[in-house]
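# Structural features, examined
These are the residues of each chain, in order.
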Protein chains: 2
Amino acid sequence: MKVRILVTLKESVLDPQGQTVRNALHTLGYHQVRDVRQGKVFEIELEGSSREEAEKIVPEIADRVLANPIIEKFTWEILEA
Amino acid sequence: MKVRILVTLKESVLDPQGQTVRNALHTLGYHQVRDVRQGKVFEIELEGSSREEAEKIVPEIADRVLANPIIEKFTWEILEA
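What you see is a predicted model; the values in this text were computed from it and never measured.

Attention now goes to the overall build of chain A. A tally of regular secondary structure across chain A gives two helices and three strands. Listed N to C, the secondary structure of chain A is β-α-β-α-β in terms of helices and strands. Expressed along its principal axes, the backbone C-alpha trace of chain A runs to roughly 50 × 25 × 15 Å. Contacts in chain A between residues far apart in sequence, at least 24 positions, make up 71% of those at least 6 positions apart. Carbon and sulfur atoms provide 50% of the accessible area of chain A, an area that totals close to 4,500 Å².

What follows is the structure in structure tokens.
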């Protein structure tokens, strides 16, 4: 089974990396870009896991290892069963 | 309009960051994890852009600024019209 986990900064947290990208895009003439937020994506292959098992361990993994729950939030989805 | 762009390493490119995460997960007892690939996600707000305009500029932005086309690939989607 393949899952995708998106880890992004909480809305209330400043994102200097995203700001830098926005400024670079403005410099290149992309003035339509109002805001950029940058985060991380993890694509994880789980061996022989059922959907139930994935629903148990993926949020656990995200919370313990992939995201910092103080400043980040995560969403996840199953890509391949 | 809000779009999401996922930038990930091409399949043929080694991902030491992902390997490190996989090893950490194994150490924690998550032996179901066979493979981890790490990438970047960008959520971009475009001011007053039509879908047509987004279809023109988003791949351009991804190719020129967000991804390194030698080693990375990207996909994108519209989150909010």
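On we go.
All names here are of chain B. Within the secondary structure, D15 is located in the loop between β1 (2-9) and α1 (16-27). Of the buried charged residues, D15 lacks a salt bridge, with R37 as the closest side chain of opposite charge at 4.4 Å. Looking at D15, its side chain comes within polar contact range of the main-chain nitrogen of G18, at 2.9 Å. Of the polar contacts made by the side chain of D15, one reaches the backbone nitrogen of Q38; its length is 2.7 Å. Once residues within four sequence positions are removed from consideration, D15 is found in contact with L9, V36, R37 and Q38.

A word on the environment of L6 of chain A. With respect to the helices and strands, the residue L6 of chain A is situated in strand β1 (residues 2-9). Accessibility expressed as a relative area gives 7% for L6 of chain A, which makes it buried. Through-space distance from the C-alpha of L6 of chain A to that of F74 of chain A is 5.4 Å; in sequence the pair is 68 residues apart. Residues in contact with L6 of chain A, not counting those within four places in the same chain, are K40, V41, K73, F74 and T75 of chain A together with R4, L6 and V41 of chain B.

Attention now goes to the pattern of salt bridges. The final tally for this structure, using the stated rule, is 16 salt bridges over all chains. Its salt-bridge partner being E60 of chain B, residue K56 of chain B comes within 3.6 Å of it at the nearest N-O pair. Of the two residues, K56 of chain B and E60 of chain B are both situated in helix α2 (residues 51-66); the distance of four residues between them amounts to about one turn of the helix. With relative accessibility at 55%, the residue K56 of chain B sits in the exposed group. Among the residues examined, E60 of chain B registers a relative accessible area of 28% and is labelled partly exposed. Three or more residues are tied together by salt bridges with common partners; here these are R4, E43 and E77 of chain A.

For the rest of this paragraph, the subject is the interface of chain A and chain B. On the chain B side, the residues contacting the 32 residues of chain A number 32 residues. Interface area, chain A with chain B, both sides summed: about 3,200 Å², of which 58% is carbon and sulfur. Joining chain A to chain B, the criterion identifies four salt bridges. Summed over the shared surface of chain A and chain B, the result is 17 residue pairs in polar contact (both at pLDDT 80 or more). Mapped onto the side of chain A that touches chain B, the elements with two or more residues apiece are β1, α1 (16-27), β2 (33-46) and α2 (51-66) of chain A. Per-element accounting of the side of chain A that touches chain B gives the leading share, 14 residues, to β2 of chain A. Each residue belonging to the side of chain A that touches chain B can be placed in one class, and the counts come to 16 nonpolar, five polar and eleven charged.

How each quantity is defined
Residues numbered from 1 in each chain as written. Chains lettered and ligands numbered in written order. Predicted model: local features only at pLDDT ≥ 70, side-chain atom pairs only at ≥ 80, totals over all residues. Heavy atoms only, no water. Helix = DSSP H or I, 4+ residues; strand = E, 2+ residues; numbered from the N terminus. Contact = heavy atoms within 4.5 Å. Areas by Shrake-Rupley, 256 points an atom, 1.4 Å probe, with all protein chains shown as cover. Buried < 20%, exposed > 50% of the residue type's maximum accessible area, 1.4 Å probe, protein only. Lys, Arg positive; Asp, Glu negative; His and termini not counted. Salt bridge = Lys/Arg side-chain N within 4 Å of Asp/Glu carboxyl O. Polar contact = N/O pair within 3.5 Å; in protein donor to acceptor, adjacent residues only side chain to side chain. Buried area = accessible area lost by both parts, 1.4 Å probe. Nonpolar A, V, L, I, M, F, W, Y, C, P; charged D, E, K, R; others polar.

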